[in-house]
2 protein chains.
Amino acid sequence: MKPQDRKVAEGLLFTDQYHLTSAQLYHRLGLHERRVQFDYFFRRYPNYGDHQAGFCVFAGFEWLYDWMTGARAGEREIELLRAQTSNSGSRLFDDDFLDWLRDEGDFSGITIDAVLEGRVVHPHVPIAVVSGPLAMTQILETPLLNHLNYQTLIATKAARIHAAGRGRPLLEFGLRRAPDRGALAGTRAALIGGADYSSNVGVSHLLGFQPKGTHAHGLVQVFMAMGEGEIGAFRAFAEAYPDDCLLLVDTVDTLGSGVPNAIRVFEELRRKGHRPLGIRLDSGDLAYLAIRSAAMLDAAGFPDVAITLSSGLDELAIWQILTQIEEESPRYGVDPDHLINRLMYGVGTRLVTSGSDNLDGVFKAVAMELDGEWKPLLKVSESPAKTVNPGDKRVWRVYDKRETATADVLTRGSEDISRAPLLELHHPVRKDLRRTLGREDISRVEPLLVATIRDGERAFDPPTIEEMRELRRRDLSHLDPGVKRLVNPHVYHVSLSRELWELKERLVGEAKTNERATQAS
Amino acid sequence: MKPQDRKVAEGLLFTDQYHLTSAQLYHRLGLHERRVQFDYFFRRYPNYGDHQAGFCVFAGFEWLYDWMTGARAGEREIELLRAQTSNSGSRLFDDDFLDWLRDEGDFSGITIDAVLEGRVVHPHVPIAVVSGPLAMTQILETPLLNHLNYQTLIATKAARIHAAGRGRPLLEFGLRRAPDRGALAGTRAALIGGADYSSNVGVSHLLGFQPKGTHAHGLVQVFMAMGEGEIGAFRAFAEAYPDDCLLLVDTVDTLGSGVPNAIRVFEELRRKGHRPLGIRLDSGDLAYLAIRSAAMLDAAGFPDVAITLSSGLDELAIWQILTQIEEESPRYGVDPDHLINRLMYGVGTRLVTSGSDNLDGVFKAVAMELDGEWKPLLKVSESPAKTVNPGDKRVWRVYDKRETATADVLTRGSEDISRAPLLELHHPVRKDLRRTLGREDISRVEPLLVATIRDGERAFDPPTIEEMRELRRRDLSHLDPGVKRLVNPHVYHVSLSRELWELKERLVGEAKTNERATQAS
């Protein structure tokens, strides 16, 4: 795609067709400026087939805001829409609408309260609450979902992989398997969620991180073809990068050639006063090869150089590798803890694609201004879990006496539960499930939503990526270990306050009655 | 991300760190202009967990070429690299290299032979063969993989979903779950692979397709809140779009309210001389609801309006829905074939994410110029399937007497098997597997690679998207039905010619001997 076309495709028209047809309809009826409120939330944690997340890490908001500030319908956009035809052959969009879109189709009327990026989030909790004029709020739906769903998915995966690696350095290597330009967002989300560095050069620099890498198999192949062998490649690399010497040892034969050659070069480096960084294993039985390599490196007097693992890794693969290392190391005279503490991980495909699932985040209308007042909106559904929680709301995180987050609570916008003597918590779907927390069970109640955007303008000081990482670390430290389990985690409680529960019950009843009445009329 | 930053992150630095460090090393050693040849191929079909593809549809090449023509290291890029430090704190990239990168770091030396987009492709077959100067060819590795892997993955998924829907219209609805800006490539690939249209407004227009859509649940919610009910929303939509009236009927109660209301509005449209398009079902038991909706529409005299299904669809979900329709329709007096022939499909998440897997496409060095001659390169591996097929090669598709593609054959670059009296075909990995095809078994032998890029310049007239779709349809029509099966497909044969097989065997032996010699020395 040519750059000038890409600019158009990534601008205001980076949305779904039905939002534009709906916007034109609202414009014709004079409803386009009517204020509405939409919630962004997801319904279930990512499910990776044989395992499922017990928490998510929110990411993507800052890039959504950047998109909103730049998206306008210029002459090229208007021209494309003008050429669009209905099935009758006539124009689909009329001049009135297109003039309005060109002159007033921006996000200056949009206000957003949102959770900060890097924070742990859970299903059914509004993560971003958007209010604004009807037409532009609807046009925003798809780009908002696009920006927030993918980065939250990847940040979550990064947090899981980082945890599986017991906090050892995690390098994001996924650009080659990443979804086209989505790679940039993938790298950013990985850095927020748990990756320490990325191999992706440009975006790393622009986010303030030094890109990291080793060398390619191609380097060894080239030197072999020139008759200088693997050792020739290693020596050339060490010569060029004496203080960054991380050697890929699996091009020919990991234990028979790669590790012995690396050790020879490390010895040469040491004699010259440099500290070799480590080796990388990229194929075969990574646990076994790591143990054997560690034994060889230890014996050669390199007990501290890193062993970087890559190839097909994700949280379960890492977990299995560490389990195998713990079992098998002693047989080769290697201390498993010492080995595990010298490991690093290069994770590509399953980090930037999340391995399997998507985040099912949705954007649902919850309120509309009518006669100067906010009226709660409902979308009932045949599956009760899909019925939205109506109206303007607040979101609170309740911590117990051990400072563990024990529930996220949705209340009506008018409620303040921060000092309530008693909290009655209702399951969002199941009538029979509720519990009561007394003040003596609670250490604090924290509001989660922050006023981020007011009438299209930034209303807060956004955290840096490093601050987002700190928010993530802090939230994870307050999460029950059972909720963080990689497989079959405990279910974190997300509850409705009694007032919100009662409102929802009442509206569901009314909706069914009204619709039957309208239908019968 | 700000537009000026995005431009940098998507330019020449849209690559992996280790390519730049390798390039600097080659530059220092004067090896950077040495000509090399790399193959792009994948090793296995996408595996969706409970099912696996038996073919892929190639896509992404044109956008790769667009990237190559625009990617240069300007002042901003050089400045970022100049600031990068080694572990010793000194600069990682020196001025010599950065000057060279700024002045000569482009793809004008790159030549590519490739399969045309839209064509059916198989594992181990070189889909793009890249030759060029060593340093820039390595820098190209990651962006090439990024562009080709994702689009091929999505085009393949689209072909499968299209087949499951028996060729009925397939609409790509995935922008909201697509990976950030990767959505554009996803839409393009879906259109090449099997989607008829997309809801993604901008990119559809720029690719020459009218974007398509229905209306949102929000529209019905808004009219309900205003006391005008679902029927009010439907009427307003029909009024605005009388010839494009496709109504979403599941906001309240599909059979109790949505379909009856849609029928009333369709009757009103018909009286005004318009032809209603159809309804969309977006939740619940889609097969059952389609049958019941069809019965109601038939009874009301609308046997031809479309029934669009969406929500969680992929090839298996569609297959199950059609099976259920075939079984259950007669019970409601609905002809299953008639119903199936009025269906359309809106597929989002599982199309633009492929549902689960990635394409494991790789870029491997196969030859290098030494003393004016191409020398085949090898990367041996402990898993034989990962040992590359060495040297300059040609790729041929062999059709049998029924015009069914029976094998893709890799030969040495010097071989021409188009008129060979006898073909000896070797399994690429297993020594014991080979077969012989006589001329009497063969209708034709087609070379698959096209000279696409010569020294950075386009050397062919690229197919339009519509022509790519036609290539896909044609290739699929020549594919054995067993290979196209959605679950557990037959394995398509990819073979090596006897000459190539012998070369590979010889080089594997030599590599092991040489490396032992180098290691012992």
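The model shown is predicted, which means the values in this text are computed figures rather than measured ones.

Asker: Just to check I follow, could you spell out the nonpolar core for this structure?
Answerer: The biggest cluster of nonpolar side chains holds 339 residues, and the ones touching the most others in it are F237, L247 and A290 of chain A together with F237, L247 and A290 of chain B. In contact with A290 of chain A, other than residues within four places in its own chain, are L281, I307, L309, I325, L339 and L343 of chain A.

Asker: Is there a simple way to explain the sheet that holds strand β20 (residues 457-458) of chain A in this structure?
Answerer: Remark on secondary structure: sheet strands pair via backbone hydrogen bonds, oriented parallel or antiparallel. An order of β13-β12-β1-β5-β3-β19-β20 (chain A) is seen for the seven strands of this open sheet, with the pairing classed as antiparallel. Unpaired on one side and paired on the other, β13 (373-376) and β20 of chain A mark the two borders of the sheet. Relative to strand β12 (residues 362-370) of chain A, strand β1 (residues 35-41) of chain A is paired through six bridges, and the arrangement is antiparallel. Opposite Y40 of chain A, over in β12 of chain A, you have F363 of chain A as the bridge partner. Taken strand by strand, helix α9 (residues 217-225) of chain B contacts β12 and β13 of chain A, and its axis lies near 25 degrees from that of β12 of chain A.

Asker: Help me understand the environment of S198 of chain A in this model?
Answerer: Residue and element names in this part refer to chain A. Inspection of the secondary structure assignment puts S198 in strand β7 (residues 197-198). In this structure S198 comes out as buried when scored by C-beta crowding, with 30 C-beta atoms within 10 Å. Beyond its immediate chain neighbours, meaning those up to four positions away, S198 contacts L171, E172, T187, A190, L191, S204, F209 and P211.

Asker: Where do I start with the packing of helix α12 (residues 286-299) of chain A against helix α13 (residues 315-328) of chain A in this structure?
Answerer: How two helices sit against one another is set out by the angle between their axes and by the gap between those axes. Residue and element names in this part refer to chain A. Contact geometry of α12 with α13 gives a least axis separation of 9 Å together with a crossing angle of 45 degrees. If you check the angle between α12 and α13, you find them oblique. Once α12 is placed against α13, the crossing between them reads as right-handed. On α13, the residues touching L286, A287, Y288, A290 and I291 of α12 are I321, Q324, I325 and E328. Of the residues belonging to the contact of α12 with α13, the class tally is seven nonpolar, one polar and one charged.

Asker: Even after reading the chapter, I still don't get the pairing of strand β9 (residues 278-281) of chain B, so can you show me in this structure?
Answerer: The side chains of a regular strand alternate between the sheet's two faces. All names here are of chain B. Side-chain alternation along β9 places G278 and R280 on one buried face and I279 and L281 on a second face that is also buried. Looking at chain direction, strand β8 (residues 246-248) and β9 are connected through three bridges and run parallel. Within the sheet, the bridge partner assigned to L248 lies in β9 and is R280. Where the polypeptide runs from β8 across helix α11 (residues 254-271) and back to β9, its parallel neighbour, the crossover connection is right-handed. Examined bridge by bridge, β9 and strand β10 (residues 306-310) share four bridges and lie parallel to one another. Pairing of G278 across the sheet is with A306, part of β10.

Asker: Is there a simple way to think about the interface of chain B and chain A in this case?
Answerer: Many authors give the size of an interface as the accessible area that is lost as the parts come together. Contact residues are listed per partner, giving 106 residues for chain B and 106 residues for chain A. At nine residues, the largest contribution of residues to the side of chain B that touches chain A is made by helix α2 (residues 17-28) of chain B. Its residues assigned to classes, the side of chain B that touches chain A comprises 42 nonpolar, 44 polar and 20 charged.

Asker: Explain the pairing of strand β5 (residues 128-133) of chain A here, please?
Answerer: Residue and element names in this part refer to chain A. The buried fraction of β5 is high, at six of six residues. In this structure, β1 lies alongside β5, joined through six bridges in antiparallel fashion. Looking at β5, one finds that D39 is bridged to V129.

Asker: Please clarify how the sheet that holds β8 of chain B should be interpreted in this entry.
Answerer: If you walk across this open sheet you meet the six strands as β7-β6-β11-β10-β9-β8 (chain B), and the pairing is parallel. Every other strand in the sheet has two partners, leaving β7 (197-198) and β8 of chain B as the edge strands with one partner each.

Asker: Help me understand unusual backbone geometry, please; the structure alone is not making it clear to me.
Answerer: Where the residue is not glycine, phi is negative for most of them; where a peptide bond is considered, it is trans in most cases. Notably, R166 of chain A is not glycine yet its phi reads approximately 55 degrees, a positive angle. Mapped onto the secondary structure, R166 of chain A falls in the loop between α6 (134-164) and β6 (170-172). The exposure class of R166 of chain A is exposed, given the 12 C-beta atoms found within 10 Å. Of note in this structure, D371 of chain B is not a glycine but carries a positive phi near 50 degrees. Looking at where D371 of chain B falls in the secondary structure, it is placed in the loop between β12 (362-370) and β13 (373-376). Since 5 C-beta atoms lie within 10 Å of it, D371 of chain B is described here as exposed.

Asker: Would you take a moment to explain the relation of the copies chain B and chain A for this structure?
Answerer: The transform that puts chain B on chain A rotates by 180 degrees and translates by 0.0 Å along the axis, for an RMSD of 0.0 Å. Taken together, the turn and the small shift mark the pair as related by a two-fold rotation axis.

Asker: What exactly am I supposed to notice about the environment of V494 of chain B here?
Answerer: All names here are of chain B. By secondary structure assignment, the location of V494 is in strand β21 (residues 493-497). Using a count of 19 C-beta atoms within 10 Å as the deciding quantity, one classes V494 as partly exposed. In this structure the C-alpha to C-alpha distance between V494 and M224, which are 270 residues apart in sequence, comes to 59 Å. If we ignore the near neighbours within four places in the chain, the residues touching V494 are H122, P123, H124, V125, A407, D408 and P428.

Asker: Could you clarify how one ought to interpret the domain arrangement of chain A in this entry?
Answerer: Segmentation of chain A into domains returns domain 1 (1-30 + 72-105), domain 2 (33-56 + 109-134 + 374-520) and domain 3 (157-352). Taking the mean C-alpha position of each, domain 1 of chain A and domain 2 of chain A sit 34 Å from one another.

The rules behind the values
Residues numbered from 1 in each chain as written. Chains lettered and ligands numbered in written order. Predicted model: local features only at pLDDT ≥ 70, side-chain atom pairs only at ≥ 80, totals over all residues. Core = buried A, V, L, I, M, F, W, Y, C linked by C-beta atoms within 7 Å. Buried ≥ 20, exposed ≤ 12 C-beta atoms within 10 Å, placed from the backbone. Contact = placed C-beta atoms within 7 Å. Pairing = 2+ DSSP bridges. Helix = DSSP H or I, 4+ residues; strand = E, 2+ residues; numbered from the N terminus. Axes fitted to C-alpha atoms, helices over the stretch in contact; angles between N-to-C directions. Parallel < 35°, antiparallel > 145°, perpendicular 65-115°, else oblique. Left-handed = near helix turned anticlockwise from the far one by under 90°. Nonpolar A, V, L, I, M, F, W, Y, C, P; charged D, E, K, R; others polar. Right-handed = clockwise from strand over helix to strand, strands pointing away. Least-squares fit on C-alpha atoms with pLDDT ≥ 70 in both. Domains from an automatic or database assignment.

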